[in-house]
Amino acid sequence: MPEGHSIHRLARQFQDVFAGQVLEVSSPQGRFVAGAALLDRHELLEATAHGKQLFLRFDHGLLLHVHLGLYGAWSFGGDETFRGASSIGAPRRIGERESFSQEAGTGSLGSSYAGPPEPVGAVRVRLVATNGWADLRGATTCATITEAEAAAVLARLGPDPLHNRPGDREEFVRRLLRRKTAVGLLLMDQAVVAGIGNIYRAEVLFRQGVDPWTPGSSLDPETAGRLWDDTVTAMSDGVRDGRIVTTPSALWSGGNAEALDGEAHFVYKRHGQACRRCGEAVGMAEIGARKLYWCPGCQN
């Protein structure tokens, strides 16, 4: 599923394109008719993200809460003022690169904007403003909720590295060290840290040389703190770049301004290949019903 950097980019896109506008909210698919009616013809005040949760806050105290899950995606389009990705979410290639197309801003094609196209597929919710539109498909969660319900969702989550507020690092360390569970599982536990998915989990553990099967309680505070700091760095890079790249430019093909997909990661989806640092074969194992990638030579 999309990792936290993608959800923060979604929040930024909604804020840039739709904040301050009264939105028409509908459910072409029909599964969200009642929820859409509660939000229809209200002003979007703010779009925020915490981990993998997206919140769109409206002017009458209600919010649209979305968790994309494995198959969810937003698609966008609009007039010449629209700027941003045309699609964020599934389907994704390695690195979760976003999709861009000219159709996202129809004004760039020299034609006037005549409103959103006819819905294609199972559009759970459609948001329409004067300058653009957004369609949601396939999300695990799509709900109209109150501020109290939003607070309850946030209370179940750990700190978000992309917020990195005062005290977040210490809270992450505390939550990590109090558990005997393998750190490779703990980093995917959204109650420990919000926003990390399978790619960031594998890559940060590799970059910090941490054995994924080490119990959280066996880590020292310094190592746990380094995991937080590197996650902040890696995910912030993802927000900036719109994709997950965890390797340095020295490992990219000569002259390339950015990493090719096969160069973007140290261990993720590289099982059986030589480690970029030590040359040992990258391993893969199932842990918590997800594939874990690591280097037995560097992470021991």
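Residues numbered from 1 in each chain as written. Predicted model: local features only at pLDDT ≥ 70, side-chain atom pairs only at ≥ 80, totals over all residues. Heavy atoms only, no water.

Caption draft 1: A look at the packing of helix α1 (residues 4-18) against helix α7 (residues 221-241). Running from amino to carboxyl end, α1 crosses α7 at an angle of 45°, the nearest separation of the two axes being 8 Å. The pairing of α1 with α7 is recorded here as oblique in orientation. Remark: the crossing between α1 and α7 carries right-handed chirality. Between α1 and α7, the contacting residues are Gly-4, His-5, His-8, Arg-9 and Arg-12 on the first element and Met-235, Gly-238, Val-239, Arg-240 and Asp-241 on the second. Classifying every residue of the contact of α1 with α7 by side-chain character gives two nonpolar, four polar and four charged. (Axes fitted to C-alpha atoms, helices over the stretch in contact; angles between N-to-C directions. Helix = DSSP H or I, 4+ residues; strand = E, 2+ residues; numbered from the N terminus. Parallel < 35°, antiparallel > 145°, perpendicular 65-115°, else oblique. Left-handed = near helix turned anticlockwise from the far one by under 90°. Contact = heavy atoms within 4.5 Å. Nonpolar A, V, L, I, M, F, W, Y, C, P; charged D, E, K, R; others polar.)

Caption draft 2: View of unusual backbone geometry. Not every positive phi belongs to a glycine, and Lys-269 is a case in point at roughly 55°. Mapped onto the elements, Lys-269 comes out in the loop between α7 and β10 (283-287). Judged by relative accessible area, which is 43%, Lys-269 ranks as partly exposed. (Buried < 20%, exposed > 50% of the residue type's maximum accessible area, 1.4 Å probe, protein only.)

Caption draft 3: Quick peek at the side chain of Gln-208. Looking at where Gln-208 falls in the secondary structure, it is placed in the loop between α6 (198-207) and α7. Looking at Gln-208, its side chain comes within polar contact range of the side chain of Arg-226, at 2.5 Å. Discounting residues that sit within four places of it in the chain, Gln-208 has contacts with Arg-226, Leu-227 and Asp-230. (Polar contact = N/O pair within 3.5 Å; in protein donor to acceptor, adjacent residues only side chain to side chain.)

Caption draft 4: Just the environment of Arg-156, in detail. Residue placement: Arg-156 occurs in the loop between α3 (147-155) and α4 (168-177). The exposed category is assigned to Arg-156, whose relative accessible area is 56%. Sequence spacing of Arg-156 and Ala-194 is 38 residues, and the spatial spacing of their C-alpha atoms is 9.7 Å. Non-local contacts of Arg-156, meaning those with residues more than four positions away in its chain, are made with Gln-190 and Ala-191.

Caption draft 5: Focus on the sheet that holds strand β9 (residues 141-146). Reading across from one edge, β6-β5-β8-β7-β1-β2-β3-β4-β9 is the order of the nine strands in this open sheet, with antiparallel pairing throughout. Pairing within the sheet leaves two strands with one partner each, and these edge strands are β6 (87-89) and β9. Across the sheet, the axes of successive neighbouring strands diverge by a mean angle of 25°, strand direction being ignored. Direction of pairing for strand β4 (residues 62-67) relative to β9: antiparallel, over a ladder of six bridges. Looking at β9, one finds that His-65 is bridged to Ala-143. Sitting on the sheet, α1 is in contact with β1 (22-26), β2 (42-50), β3 (53-58), β5 (73-78), β6, β7 (123-128) and β8 (132-137), with an inclination near 160° to β2. The sheet strands contacting α3 are β2, β3, β4 and β9, and the helix crosses β9 at an angle near 125°. (Pairing = 2+ DSSP bridges.)

Caption draft 6: Molecular detail of the packing of aromatic side chains. Taken as a whole and assessed by the stated rule, the structure comprises nine aromatic pairs. On the numbers, 6.4 Å between centres and 25° between planes, the contact of Trp-74 with Phe-76 is stacked. You'll find Trp-74 and Phe-76 in the same group, each marked buried. The interplanar angle of 40° and the centroid separation of 5.4 Å between the aromatic rings of Phe-172 and Trp-228 together place this pair among those described as tilted. (Phe/Tyr/Trp six-rings, centres within 6.5 Å; stacked < 30°, edge-to-face > 60°.)

Caption draft 7: Molecular detail of the pairing of strand β11 (residues 290-294). Sheet topology note: the β10/β11 ladder contains five bridges and is antiparallel. Bridge pairing in β11 places Ile-287 opposite Arg-290. Connecting β10 to the antiparallel partner β11 that follows it, the hairpin turn spans two residues, and Gly-288 within it adopts a positive phi of roughly 60°.

Caption draft 8: Representation of the pattern of salt bridges in the model. The tally for this structure, following the rule as stated, stands at 14 salt bridges. Of the charged contacts in the structure, one is a salt bridge between Glu-24 and Arg-41, with a shortest N-O distance of 3.6 Å. In this pair, Glu-24 is assigned in strand β1 and Arg-41 in the loop between α2 (33-39) and β2, connecting sequence segments 17 residues apart. Residue Glu-24 is classed as partly exposed on the basis of its relative accessible area of 36%. Look at the salt bridges and you will find they share partners, linking Glu-46, Arg-57 and Glu-147 into a network. (Salt bridge = Lys/Arg side-chain N within 4 Å of Asp/Glu carboxyl O.)

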